[in-house]
Amino acid sequence: MMYFDRLHTKRKTLREVLTEKPVFAPCVYNCFTAQIVEQTGFDAMCFSGAYFASSYVGVPDIGLVTPTEVKTMVSNITKVSNLPMIVDMDTGYGNELNAIRTAVDFAEAGAMALHLEDQVFPKRCGHLNGKKVVPRDEYIRKIRAVADALKGSDCLLIARTDAALEFGVEEAIERNKRSLEAGADIAFTEGTRSVADIERVAREVDGWNMFDMCKGGASPDVPFEDLVQMGYRLVTCPTVCSVVCSTYDQVAGKAYQIKNDSFVAEYDATPESFFRTLGIGSWMQMGQSYDPDMKDATVTKNLE
């Protein structure tokens, strides 16, 4: 997708994609990872608050990122990718009024879905211990406020509850049901601890359900096909980002040991492949349509 294409073309909404089929959406955290996901062929992506926090400001996922920082990155991503993107809006950064403003800002930046959670602020990653959730009625009030704010837009509301870890799956299911009644489009139970609980949520919550596939996290490993058979409509996967980060750690360690970059050929990590992913050919073609003397920005090759 060219940089200005979003100004002239209508992107497919997440609602349209989910209406067609169940969706597996890997997580991204910047423009580069979003472009890779789109070029790979996925139908949607999820903006990870945790990995954005780590990559952008170098902090853990414990509520330290501001909504302005998230909005800026969401806007940047939707300029270079046409995929519908789910965005983590944490707790809405305050009460109902704060959540309304956050939702409107993120939707205007290009988000096609937002998930709003019921943790006490400052929140923490859904797979960490020590989570606390707000009273059920307080959570539902905020869901209703954001649902009203997004009504009539292309942006869906995903109601996320972290209540299962503190109060059990029964409370999580009740919050799911209440949130859908309050106007949410999708119910998301984070941190279900057993396959039986995962099945129960899908069976008892009448509507679109989302599951967060996170190997090594609080929930057991369940294949996408099995989740779809249970009744889940949307599955996100943050561990794609985790592998990217761990691979960088390994590569940096190897470079430190041998003080040489010869091993990067194993990863197809040449400057040419890097800029190709970013669409350098299309940029040069566009430039040449205005300035015929503009030279192609091909990578200089060594003479050996």
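None of these values were measured; they are calculated from a predicted model.

### A closer look at the sheet that holds strand S4 (residues 113–117)
One closed barrel holds the eight strands; their spatial order is S1-S2-S3-S4-S5-S6-S7-S8, and the pairing between them is parallel. Recorded for the sheet is a direction-independent mean angle of 25 degrees between the axes of neighbouring strands. Alignment of strand S6 (residues 186–189) against strand S7 (residues 208–212), held across three bridges, turns out to be parallel. Considered in S7, the bridge of Phe-188 is made with Met-210.

### So, helix H11 (residues 239–258)
Under the 1.5 Å per step criterion, the end-to-end length of H11 is 29 Å for 20 residues, consistent within 8% with the ideal 28 Å. Where H11 terminates, the next one or two residues include Lys-259, which has phi positive at roughly 50 degrees.

### A word on the pairing of strand S1 (residues 23–28)
The buried count for S1 comes to five of six residues, which makes it a mostly enclosed element. Judged from the four bridges that link them, S1 and strand S8 (residues 234–237) form a sheet pairing that is parallel. Counterpart to Phe-24 in the pairing with S8 is Val-235. Two strands pair when backbone bridges link them, and S1 and strand S2 (residues 45–47) are joined in this way by two bridges, in the parallel orientation. Counterpart to Cys-27 in the pairing with S2 is Cys-46. Of the crossover connections in this fold, the one passing from S1 over helix H2 (residues 31–40) to the parallel S2 is right-handed.

Rules used throughout
- Residues numbered from 1 in each chain as written.
- Predicted model: local features only at pLDDT ≥ 70, side-chain atom pairs only at ≥ 80, totals over all residues.
- Heavy atoms only, no water.
- Pairing = 2+ DSSP bridges.
- Helix = DSSP H or I, 4+ residues; strand = E, 2+ residues; numbered from the N terminus.
- Axes fitted to C-alpha atoms, helices over the stretch in contact; angles between N-to-C directions.
- Expected span 1.5 Å × (residues − 1).
- Buried < 20%, exposed > 50% of the residue type's maximum accessible area, 1.4 Å probe, protein only.
- Right-handed = clockwise from strand over helix to strand, strands pointing away.

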